[in-house]
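A structural walkthrough
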Protein chains: 2
Amino acid sequence: MIGFGSVGRGIAECIAEKGLDIEITGIADSRSGVISKTGIDIRSVLTKKQETGLCGEEGITPEDILERAEYDVLVEVTPTDAVTGEPACTNIQRALEKGAHVVTSNKGPIALKFSELMRIAEENGVQLRYEATVCGAIPLMHTLRQGLAGNTIQKLYGVFNGTCNYILTRMADEGLTYQQALLEAREMGYAEADPTYDVQGIDAAIKLVILANAVWGLNKTLDDVDRTGIDLLTSDALALAEREEHTIRLIGEILPDEGVLRVSPRILNKNHPVVVRGTLNAVMIETDMAGEITLIGKGAGSRETASAIISDLLFIRDFHAGRS
Amino acid sequence: MIGFGSVGRGIAECIAEKGLDIEITGIADSRSGVISKTGIDIRSVLTKKQETGLCGEEGITPEDILERAEYDVLVEVTPTDAVTGEPACTNIQRALEKGAHVVTSNKGPIALKFSELMRIAEENGVQLRYEATVCGAIPLMHTLRQGLAGNTIQKLYGVFNGTCNYILTRMADEGLTYQQALLEAREMGYAEADPTYDVQGIDAAIKLVILANAVWGLNKTLDDVDRTGIDLLTSDALALAEREEHTIRLIGEILPDEGVLRVSPRILNKNHPVVVRGTLNAVMIETDMAGEITLIGKGAGSRETASAIISDLLFIRDFHAGRS
């Protein structure tokens, strides 16, 4: 495992707590690392991290983990760099080239280098899985690739950013201004000190790029997304929508036939299935056989992201064990 | 394929129309059958069925298909007999014992003989898949088994019967009585001449039994379900719920720790994610890592059921081809 922030710790905690049949043989954070061929004692590493800020010994680097640890799967959970994708791109590529599967929550490599990394995975006969990069705990990639296999996905849209959804819910419920609701979101820990990435729709746009490339092979980049955030939305606009049993949500949308990727505030009927409240995410998938399928769940959080990573790990395990 | 009613024809139509890489080598309906080692011409069989009511030659029986056709997978889509499970139980068992996988939409065998049939499948190294038995187009089994793999499912509840949901939606929207709404549901083709199976919650209860046995190994039968239907519900009760921003839905619920399976009309806030409209189904899954996940979609229909069957067929194909 490379990266031992809140996502990495969440995965380790869940594996230990639930007694899952998964062994961790190496962990690196940005300043230290630990390697054990016989399996790391997860609880003692979690304690050490909490007490010292380090998961292992200083001087052991991610490169050491990649080259010296014994592993079937690399779990890459370093923070996303949406511009360069590093260091995750390099970490993932090296693991794939060594013949290891990769499971990641890092949006950078999947948004920036999807087709290149998938080609390397295929050449090496291993899997690259990335359920955790889109919509947190919602098993969206599983649904699109396995659950709805055989369907043509004609359109996909919904709420991809919990921070914006929280702000819009609070503006509508309490008549707050955008600035007031943003302040509240910060206090609740839902928004960063610099909220640009969320409120200008960049986070949602990256998720659309990942889906566009993974599901339809559209080869899109962030620049291809027609993007409007919620930061200029007035409480008057929201109040107007609310008067007519409608409300406003920041909707990400993919129209694959037209090649359109769009993030923008949209007026929707309050009964619409993707009009969820608070920090939830919701995605509606329009298909040719299954009709419209909606998925709703938590889009972020340490355990929620761990859920997505662990489902990918177990998929790889069962797939290679011939279990279904 | 055994069974060539609306589900069987829907599957055949989708395979032909979409050019899916699936070959049908034998079809039997209740009165006729057709076998071809090189693959049946689907369109001409569909035409013949429409014109004559027969899919093939009289005298070719389901037994002939099971024994003489060459197949990797049996698609069992005969009508459900919830009491005996026949003839589907026997058909499925014979195919599994011949070393063929089975994909079915038939609730009978899965509700009545799940553990026995799964044991036979395992002994013969083949899969028995049944996505289509619960909630039509919603990939619920996929989500529970793969998408949320590693999670403990703590509770599962929602709307499992589209007919009841349609009746309740119309009673609330238009102030209709139960009898008026039932009549309308019949005219729309959503309710049978004898609506008992739907309105007394038997259909929903069978789905709970399937889930209880498949997901938690609870070994339940229909008699274990605490069941109340909607047929005694008055328009007054609905009007009262509606006054307080609530409404009534027929909710199926599994509490695995308590071993409780329950179908009953429940008062829910209109904002609750499982309060869907018309013939939709909706299921909320409570988990220990992913939190609450809600799935919404069409619970019935020929193409919708075909979607579930085809996703199971492709899962088996990709699994055995080592594709992920």
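For clarity, every value in this text was computed on a predicted model and none was experimentally measured. (Residues numbered from 1 in each chain as written. Chains lettered and ligands numbered in written order. Predicted model: local features only at pLDDT ≥ 70, side-chain atom pairs only at ≥ 80, totals over all residues. Heavy atoms only, no water.)

1. Here we look at the overall build of chain A
Counting its secondary structure elements, chain A contains 13 helices and twelve strands. In terms of overall dimensions, chain A is globule-like: its C-alpha atoms have a radius of gyration of 20 Å, near the 20 Å expected for 324 residues. Sorting the 324 residues of chain A into buried and exposed places 57% on the buried side. Residue pairs at least 24 apart in sequence account for 67% of intrachain contacts in chain A once pairs closer than 6 positions are excluded. (Helix = DSSP H or I, 4+ residues; strand = E, 2+ residues; numbered from the N terminus. Rg over C-alpha atoms; globule rule 2.2 N^0.38 Å. Buried < 20%, exposed > 50% of the residue type's maximum accessible area, 1.4 Å probe, protein only. Contact = heavy atoms within 4.5 Å.)

2. Some details on the side chain of Thr143 of chain B
Within the fold, Thr143 of chain B resides in helix 7 (residues 140–147). For Thr143 of chain B, a relative accessible area of 3% corresponds to the buried category.

3. Regarding the interface of chain B and chain A
Residue-level contacts link 42 residues of chain B with 42 residues of chain A. Across the chain B/chain A interface, buried area totals approximately 3300 Å², and carbon plus sulfur atoms make up 61% of it. The interface formed by chain B and chain A contains two salt bridges. Salt-bridge contacts for Lys18 of chain A lead to Asp288 of chain B; the nearest nitrogen and oxygen are separated by 2.5 Å. (Buried area = accessible area lost by both parts, 1.4 Å probe. Salt bridge = Lys/Arg side-chain N within 4 Å of Asp/Glu carboxyl O.)

4. Structural notes on the pairing of strand 2 (residues 32–35) of chain A
Residue and element names in this part refer to chain A. In this structure, strand 1 (residues 26–28) lies alongside strand 2, joined through three bridges in antiparallel fashion. Directly across from Gly26, in strand 2, lies its bridge partner Ile35. Between strand 1 and strand 2, which follow one another and run antiparallel, lie three residues. Bridge count for strand 2 against strand 3 (residues 57–58) is two bridges, and the pairing is antiparallel. Residue pairing across strands places Gly33 opposite Glu57, the latter belonging to strand 3. (Pairing = 2+ DSSP bridges.)

5. Some words on the relation of the copies chain B and chain A
Once turned by 180° and shifted 0.0 Å along the axis, chain B lies on chain A with an RMSD of 0.0 Å. Both chain copies can therefore be described as sitting about a two-fold axis. Closest approach to the rotation axis within chain B is made by the C-alpha atom of Leu295 of chain B, at a distance of 2.4 Å. Of all interface residues in chain B, 100% are interface residues in chain A too; the two copies therefore contact each other through one and the same surface. (Least-squares fit on C-alpha atoms with pLDDT ≥ 70 in both.)

6. Description of unusual backbone geometry
Here Glu86 of chain A and Pro87 of chain A are connected by a cis peptide whose omega angle stands at 0°. Along the polypeptide, Pro87 of chain A turns up in the loop between strand 4 (73–76) and helix 4 (88–97).

7. Considering the packing of aromatic side chains
Counting across every chain of the model gives seven aromatic pairs over all chains. With a centroid separation of 5.9 Å and an interplanar angle of 80°, the aromatic rings of Phe319 of chain A and Phe319 of chain B are classed as edge-to-face. Of this pair, Phe319 of chain A sits in helix 13 (residues 302–321) while Phe319 of chain B sits in helix 13 (residues 302–321), each in a different chain. Both residues of the pair, Phe319 of chain A and Phe319 of chain B, belong to the buried class. Where Phe315 of chain B meets Phe319 of chain B, the ring centres are 5.9 Å apart and the plane angle is 15°; that geometry is what we call stacked. Remark: Phe319 of chain B and Phe315 of chain B occur in helix 13; sequence separation between them is four residues, near one turn of the helix. Assigned by exposure class, Phe315 of chain B and Phe319 of chain B land together as buried. Taken together, Phe315 and Phe319 of chain A together with Phe315 and Phe319 of chain B form an aromatic cluster joined through their ring pairs. (Phe/Tyr/Trp six-rings, centres within 6.5 Å; stacked < 30°, edge-to-face > 60°.)

8. A short note on the sheet that holds strand 2 of chain A
If you trace the three strands from one edge of the open sheet to the other, you get 1-2-3 (chain A), paired in antiparallel fashion. Two strands bound the open sheet, and with one partner strand each, they are strand 1 and strand 3 of chain A.

9. Points about the pattern of salt bridges
Note that side chains of opposite charge can pair when their charged atoms are close. Across all of its chains, the model carries 42 salt bridges over all chains by this definition. One salt bridge in this structure joins Arg266 of chain B and Glu253 of chain B, with 2.9 Å as the shortest N-O distance. Taken together, the residues Arg266 of chain B in strand 10 (residues 260–269) and Glu253 of chain B in strand 9 (residues 246–255) connect sequence positions 13 residues apart. Take Arg266 of chain B: its relative accessible area is 30%, and that puts it in the partly exposed class. Using a relative accessible area of 4% as the deciding quantity, one classes Glu253 of chain B as buried. Several salt bridges converge on common partners, so that one network encompasses Lys155, Asp226, Glu253, Arg262 and Arg266 of chain A.

10. Observations regarding the sheet that holds strand 6 (residues 128–129) of chain B
All names here are of chain B. With parallel pairing, three strands are arranged side by side in an open sheet as 4-5-6. Each edge of the sheet is formed by a strand with only one pairing partner; in this case those strands are strand 4 (73–76) and strand 6. The sheet contact formed by strand 5 (residues 101–104) and strand 6 spans two bridges and is parallel. Note on strand 6: the bridge partner recorded for Val102 is Leu128. Here helix 4 (residues 88–97) sits on the sheet and contacts strand 4, strand 5 and strand 6; the angle it forms with strand 4, its principal contact strand, is near 175°. (Axes fitted to C-alpha atoms, helices over the stretch in contact; angles between N-to-C directions.)

11. Section: the side chain of Thr169 of chain A
Residue and element names in this part refer to chain A. Topologically, Thr169 is positioned in helix 8 (residues 162–174). Of the residues examined, Thr169 reaches a relative accessible area of 5% and is grouped as buried. There is a polar contact of 2.6 Å between the side chain of Thr169 and the backbone oxygen of Asn165. Look past the residues within four positions of Thr169 in its chain and what remains in contact with it is Arg249, Val276, Arg277 and Gly278. (Polar contact = N/O pair within 3.5 Å; in protein donor to acceptor, adjacent residues only side chain to side chain.)

12. Details of the confidence of the model for chain A
With 99% of its residues at a pLDDT of 70 or more, chain A shows a mean pLDDT of 96. As a predicted assembly, this complex carries a pTM of 0.95 together with an ipTM value of 0.95. (pLDDT = per-residue confidence, 0-100.)

13. Notes on the pairing of strand 10 of chain B
Residues and elements named next belong to chain B. With three bridges joining them, strand 8 (residues 225–227) and strand 10 adopt parallel strand pairing. Residue pairing for strand 10: Val225 is matched across the bridge by Leu261. Pairing geometry for strand 9 and strand 10, over ten bridges, is antiparallel. Residue pairing in the sheet places Ile254 in a bridge with Leu261 of strand 10. Between strand 9 and strand 10, which follow one another and run antiparallel, lie four residues, and Gly259 among them has a positive phi close to 70°.

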